[in-house]
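So you can see what is in the structure, the chains are spelled out below.
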Amino acid sequence: MWDIIVQIFPYAIAYTIPLLLTALGGLYSERSGVVNIGLEGLMVVGFFGGALAISKLEAFLPGTAIWIGLLAAIIVGGLFALLHAFASINLNANQVISGTAINMIAGSLTIFLARHITGSGNIRIVHGLIRNDIPGLSQIPVIGKLFFTQTYATTWLSIAILLFSWFLLYKTAFGLRLRACGEHPQAADSAGVNVYRMRYIAVMTSGALAGLAGAVILVTYSGEFNGSVSGLGFLALAALIFGQWKPLGILGATFFFGLASTIANVSQAVPSLAQIPGIILKCFPYVVTLIVLVMFSKNSQAPKADGEPYDKGKR
Amino acid sequence: MKVKLNKDYLLALVAVVLGLIAGAILIAITGNNPLEGYFYLFRGGLMNIQRIGDTLATATPLILTGLSVAFAFKTGLFNIGAAGQMLIGGLCATAVGLSLDCSKPILLTLVVLSAILGGALWGAVPGYLKARFNVHEVVSSIMMNWIAYWAVYYIVPAYFKGQFLETESRKIPAAASLKVDWLMNLFNGSYINLGFFLAVIAVIVIAFILNKTTFGYELKAVGYNRFAAESAGIIANQSILLSMVLAGALAGLGGAAFYVGYASNIQIGVSPSQGFDGIAVSLLGLNSPWGVLFAAIFFGVLQSGKGFMNAMTSIPPEIADTIIATIIYFAATNILIERAWERLRKRKNKGSALKKDLKVDKVGGAE
């Protein structure tokens, strides 16, 4: 059993990280009061932007091209999120519909462009990230084997972003203001916070993180842009709620999804798991999410003004 | 009231035009001629009676998923789960079609009913969770989509495996198909099937329910203001549950129209795109049943013409989806168009004072 865990652990982590980044993006957006159902599309945009940048650059700049690609994904994700920010902050549009439009535009536009560029609609990169053992730490018994061997650099970057986000949202004045915009924007406004600006920053951050997540998928386990992140953005949204809009909760929820999906994926190769019907393993995370949502429904920690356009005149 | 309706339709039309312009810009960016592209796109959807039949067949599931989304929307619910409801509807229809052996009228009735029931069940879960536990229907519907996806993924190969491919079911017998000879002959052998008529009947029934019945009135009241409706004695939870059940039933019927009408088997590992496109159809159709019908047929033209366009030019077929997505973004942000429109109208009303107004505007700057 231990061997199995050690074997599948790196895969579970690799699957968790994009979810974690995207859900953190959703955290910024929803904490500021904007529901961002477009996370899926923003991931696709980052996936595309990263693939395009890396495929064009890796011939001249082997190694650094990957990092430029990640940066490109952050930028295009953030810029694309402006569409959602403009619609939901300035125009009081229905945020769910605007987000759905983002998903649809991203899904079709990126394939349209990719097909124009490569002909097939897929963009392949030659080199992804290489897994590394962390010197010293990987020698620690038990933990070292699980957490510090065969890791991607992006994993550590993501953990850093998680810690930074926690610090920013809960320990700084900026974070307090951002959260105030999602709880009671009128009160925040009367305290001198520019609600519109805060929400813009938050939505763009969510786009940047979702974009980064899309590129992380590319450089870790995918290696090829194919126009879809197969529902990970929606799963991240569920993880955000599952984690009750808290950074550590999100970490737990995304890791749960990552582990459950990995177990379902490798079940055929592991005799003790192969006895369980595949349909149960595959549906397990979704059913658990439904049950958890029901359990949390009594005292949901959702930001109070989540999804409501800010109306200055309202009290 | 009439004036307001006209304005709404006009806004929808403006969104369509803006979407087409955005598409034209994209076509131009990729080095093609937009006019040529659109010519082939619409020609591909409408050039002869067979193509028109194909367009209507493509539109059929869209009408039903659009109707599903629009109906839930009237009660203030966002049914993002039409894809899953459609899948389960299709699975039930395929299962009944492959398992039972009786005459066509009976079998077809059972096939359609099973699809409706399957979809209704899939819609009932988010509806119940929303009504009883206040779980947001968007997240629970997405979970139900995935459960439907994996259910089809495992059930089809286990019980209805295709003759040649593991990834699809066996072909359903002709007696279980919504395709009928006289209709195909009428349209020169196109894909059109009885599903289209079922969809039109559904449009009429839903329009009747929403506009002429107490039940429909209650659903809309809950959608406008749940608390006001409750204080007027409407049981909001019941309305929410029933609204999702009916929305699911419509999407389930859409599954029958697609999997045993347009197609003749069900494939695994594919989530039907009509689920999300239904949201677009509903939005462009202003959530009204008749609007949904026309919006779906318009999208049907784009979807069925894109292959022809791609064959005749070098424009990637995804342009159709891009145009649809852009239209939805413009429809969602139509307040921008509305503001411009209001401004224009004010100026028109002032008539001769136009020049003066302009000056005032300039002096006043941005309000």
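## Examining the overall build of chain A
Then comes step 1: Secondary structure assignment for chain A yields 13 helices and two strands.
Then comes step 2: On C-alpha atoms alone, chain A measures out to a radius of gyration of 20 Å, which is about the 20 Å that the 2.2 N^0.38 rule sets for 315 residues.
Then comes step 3: Expressed along its principal axes, the backbone C-alpha trace of chain A runs to roughly 60 × 45 × 40 Å.
Then comes step 4: For chain A, buried positions account for 51% of its 315 residues.
Then comes step 5: Taking all contacts inside chain A whose residues are at least 6 apart in sequence as the whole, residues at least 24 apart take part in 77%.

## Quick look at the overall build of chain B
Then comes step 1: Secondary structure assignment for chain B yields 16 helices and zero strands.
Then comes step 2: Here the C-alpha atoms of chain B give a radius of gyration of 23 Å, agreeing with the 21 Å that 2.2 N^0.38 yields for 367 residues.
Then comes step 3: Within chain B, buried positions represent 53% of all 367 residues.
Then comes step 4: Taking all contacts inside chain B whose residues are at least 6 apart in sequence as the whole, residues at least 24 apart take part in 79%.

## What to know about helix α1 (residues 2-31) of chain A
Then comes step 1: Along α1(A), the largest kink reaches about 35° and is centred on Ile8(A); proline Pro10(A) follows within four residues of it.
Then comes step 2: Where α1(A) ends, the next residue or the one after it, Gly33(A), has phi of about 100°, a positive value.

## Things to note about the packing of helix α3 (residues 64-90) of chain A against helix α9 (residues 195-222) of chain A
If you want to describe how two helices pack, look at the angle between their axes and the distance between the axes.
Residues and elements named next belong to chain A.
Then comes step 1: Viewed as axis vectors pointing N to C, α3 and α9 meet at an angle of 140°, and their least axial separation amounts to 6 Å. One way to sum up the angle between α3 and α9 is to call them oblique. Like other packed secondary-structure pairs, α3 and α9 cross with a definite hand, here right-handed.

## Brief notes about the confidence of the model for chain A
Then comes step 1: Here chain A averages 86 in pLDDT, and 99% of its residues register 70 or above.
Then comes step 2: Here helix α5 (residues 143-147) of chain A stands out as the element of chain A with the lowest mean pLDDT, 70, in contrast to α9(A), whose mean of 92 is the highest.

## Focus: the environment of Ser267(A)
Residues and elements named next belong to chain A.
Then comes step 1: With respect to the helices, strands and loops of the structure, Ser267 is situated in the loop between α11 (247-266) and α12 (271-274).
Then comes step 2: The spacing of Ser267 and Asn36 is 231 residues in sequence and 33 Å in space, taken between C-alpha atoms.
Then comes step 3: Each residue touching Ser267, except ones within four places of it in the same chain, is listed here: Leu273, Ala274, Ile276, Gly278 and Leu281.

## Let's talk about the environment of Ile291(A)
Then comes step 1: Here Ile291(A) lies in helix α13 (residues 278-296).
Then comes step 2: Judged by C-beta crowding, with 10 C-beta atoms within 10 Å, Ile291(A) ranks as exposed.

## Describing α9(A)
All names here are of chain A.
Then comes step 1: Taking 1.5 Å as the rise per residue, α9 with 28 residues should run 40 Å; its terminal C-alpha atoms sit 38 Å apart, in good agreement.
Then comes step 2: For α9, the buried fraction is high: 22 of the 28 residues fall into the buried class.
Then comes step 3: Within two residues after α9, Gly223 carries a phi angle of roughly 80°, on the positive side.

## Structural notes on the confidence of the model for chain B
All names here are of chain B.
Then comes step 1: Mean pLDDT for chain B: 87, with 94% of residues reaching 70 or above.
Then comes step 2: Taken as a whole, residues 359-367 scores under 50 in pLDDT and shows zero contacts with residues more than four places along the chain or in a different chain.
Then comes step 3: Of the two predicted TM-score estimates for the complex, the pTM is 0.86 and the ipTM is 0.84.

## Digging into the nonpolar core
Then comes step 1: Grouped together as the largest cluster of nonpolar side chains are 217 residues, with contacts concentrated most on Ala239(A), Leu253(B) and Ile328(B).
Then comes step 2: It is helix α11 (residues 236-262) of chain B that contributes the most residues to this core, 16 residues altogether.
Then comes step 3: Those residues in contact with Ile328(B) that lie beyond four places of it in its chain are Ala101(A), Met104(A), Ala280(B) and Leu283(B).

## Thoughts on the environment of Ala274(A)
Residue and element names in this part refer to chain A.
Then comes step 1: Structurally, the position occupied by Ala274 is in helix α12.
Then comes step 2: Judged by the 13 C-beta atoms lying within 10 Å of it, Ala274 falls in the partly exposed class.
Then comes step 3: The spacing of Ala274 and Ile17 is 257 residues in sequence and 26 Å in space, taken between C-alpha atoms.
Then comes step 4: Residues within four places of Ala274 in sequence aside, it is in contact with Ser267 and Gln268.

## Some words on the interface of chain B and chain A
Then comes step 1: Taken together, the contacts link 35 residues of chain B with 36 residues of chain A.
Then comes step 2: Listed by contribution, the elements that provide at least two residues to the side of chain B that touches chain A are α5 (104-133), α6 (137-159), α12 (274-284), α14 (319-332) and α15 (334-350) of chain B.
Then comes step 3: Among the elements that line the side of chain B that touches chain A, the one with the most residues is α6(B), at ten residues.

## Concerning unusual backbone geometry
Then comes step 1: The backbone phi angle of Trp245(A) is positive, close to 55°, even though this residue is not glycine.
Then comes step 2: Position of Trp245(A) relative to the elements: it lies in the loop between α10 (232-242) and α11.
Then comes step 3: Of note in this structure, Asn287(B) is not a glycine but carries a positive phi near 60°.
Then comes step 4: Residue placement: Asn287(B) occurs in the loop between α12 and α13 (289-312).
Then comes step 5: Residue class for Asn287(B) comes out partly exposed when judged on the 19 C-beta atoms lying within 10 Å of it.

## Focus: the packing of helix α3 (residues 49-74) of chain B against α11(B)
Residue and element names in this part refer to chain B.
Then comes step 1: Two numbers describe how α3 lies on α11: the axes approach to 8 Å, and their chain directions differ by 170°. Here α11 runs roughly antiparallel to α3, going by the angle between their axes. Judged by residue contacts, Ala57, Thr60, Pro61, Leu64, Thr65, Leu67, Ser68, Phe71 and Ala72 of α3 engage Ser243, Met244, Leu246, Ala247, Leu250, Ala251, Leu253, Gly254, Ala257, Phe258, Gly261 and Tyr262 from α11.
Then comes step 2: Class assignment for the residues of the contact of α3 with α11 results in 15 nonpolar, six polar and no charged.

Thresholds, definitions, all that
Residues numbered from 1 in each chain as written. Chains lettered and ligands numbered in written order. Predicted model: local features only at pLDDT ≥ 70, side-chain atom pairs only at ≥ 80, totals over all residues. Helix = DSSP H or I, 4+ residues; strand = E, 2+ residues; numbered from the N terminus. Rg over C-alpha atoms; globule rule 2.2 N^0.38 Å. Buried ≥ 20, exposed ≤ 12 C-beta atoms within 10 Å, placed from the backbone. Contact = placed C-beta atoms within 7 Å. Bend = angle between axes of the 7 residues up to and from the residue. Axes fitted to C-alpha atoms, helices over the stretch in contact; angles between N-to-C directions. Parallel < 35°, antiparallel > 145°, perpendicular 65-115°, else oblique. Left-handed = near helix turned anticlockwise from the far one by under 90°. pLDDT = per-residue confidence, 0-100. Expected span 1.5 Å × (residues − 1). Core = buried A, V, L, I, M, F, W, Y, C linked by C-beta atoms within 7 Å. Nonpolar A, V, L, I, M, F, W, Y, C, P; charged D, E, K, R; others polar.

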